[in-house]
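Here is what each chain is made of, one letter per residue.
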Amino acid sequence: MIRVAVTGAAGRMGSGIIRKITEQDDMEVVAAIEMPNTPLAGRDAGLQAGTEELGVEITGSEKLEETLKAAKPDVLVDFTIAHAAVETIKVATNLSIDKIN
């Protein structure tokens with residue numbers, strides 16, 4: 001099973017990615033990260049994306065490292081803005097997580 005974390009999870013593209021992941025037999029969403037101090041924190045990422053409940057809560061990027069350490073994703077898909085992506089890459093690199101844009 002490929003464990004996937006998504007940054008920009010509640011945006012149009014991030015939500016679409018989450019929906020596509022849920023359609024795959026060999027993939028699962030293990031983390032959903034949004035902007036710092038997001039008002040969406042605590043909401044289920046699947047329901048927010050318009051699909052089934054996943055049991056994965058959206059977290060703010062101020063908790064990025066903590067979230068990724070806990071979720072232990074194999075892959076991180078980033079659909080954020082440029083300066084946020086740079087910070088995400090730094091954190092993911094330090095944790096040895098592959099990055100796909």
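Residues numbered from 1 in each chain as written. Predicted model: local features only at pLDDT ≥ 70, side-chain atom pairs only at ≥ 80, totals over all residues. Heavy atoms only, no water.

## Topic: the overall build of the protein chain
Now for step 1: The number of helices and strands found in the protein chain is four helices and five strands.
Now for step 2: Expected size for 101 residues packed as a compact globule is a radius of gyration near 13 Å; at 12 Å, the protein chain falls within 12% of this value.
Now for step 3: Seen through its principal axes, the protein chain has C-alpha atoms that stretch 30 × 30 × 20 Å.
Now for step 4: Looking at the protein chain as a whole, 42% of its 101 residues are labelled buried.
Now for step 5: Long-range contacts, defined as pairs at least 24 residues apart, comprise 65% of the intrachain contacts of the protein chain with a sequence gap of at least 6.
Now for step 6: Entry remark: accessible area of the protein chain is about 5700 Å², with carbon and sulfur atoms responsible for 51%.
Now for step 7: A distance of 4 Å separates the average location of the 10 positive side-chain charges in the protein chain from that of its 16 negative side-chain charges. (Helix = DSSP H or I, 4+ residues; strand = E, 2+ residues; numbered from the N terminus. Rg over C-alpha atoms; globule rule 2.2 N^0.38 Å. Buried < 20%, exposed > 50% of the residue type's maximum accessible area, 1.4 Å probe, protein only. Contact = heavy atoms within 4.5 Å. Areas by Shrake-Rupley, 256 points an atom, 1.4 Å probe, with all protein chains shown as cover. Lys, Arg positive; Asp, Glu negative; His and termini not counted. Charge placed at Lys NZ, Arg CZ, Asp CG, Glu CD.)

## What to know about the environment of L64
Now for step 1: On the secondary structure map, L64 appears in helix α3 (residues 64-71).
Now for step 2: Between the C-alpha atom of L64 and that of M35, which follows or precedes it by 29 residues, the distance is 9.9 Å.

## With respect to the side chain of T88
Now for step 1: In this fold, T88 is placed in helix α4 (residues 82-94).
Now for step 2: Since its relative accessible area comes to 6%, T88 is described here as buried.

## Points about the pairing of strand β1 (residues 2-7)
Regular strands place their side chains on alternate faces of the sheet.
Now for step 1: Relative to strand β2 (residues 27-34), β1 runs parallel, the two sharing six bridges. The residue of β2 that forms the bridge with V4 is V29.
Now for step 2: Taken together, β1, helix α1 (residues 12-22) and β2 form a β-α-β motif whose crossover is right-handed.
Now for step 3: In terms of strand pairing, β1 meets strand β4 (residues 75-78) through four bridges, oriented parallel. Within the sheet, the bridge partner assigned to V4 lies in β4 and is V75. (Pairing = 2+ DSSP bridges. Right-handed = clockwise from strand over helix to strand, strands pointing away.)

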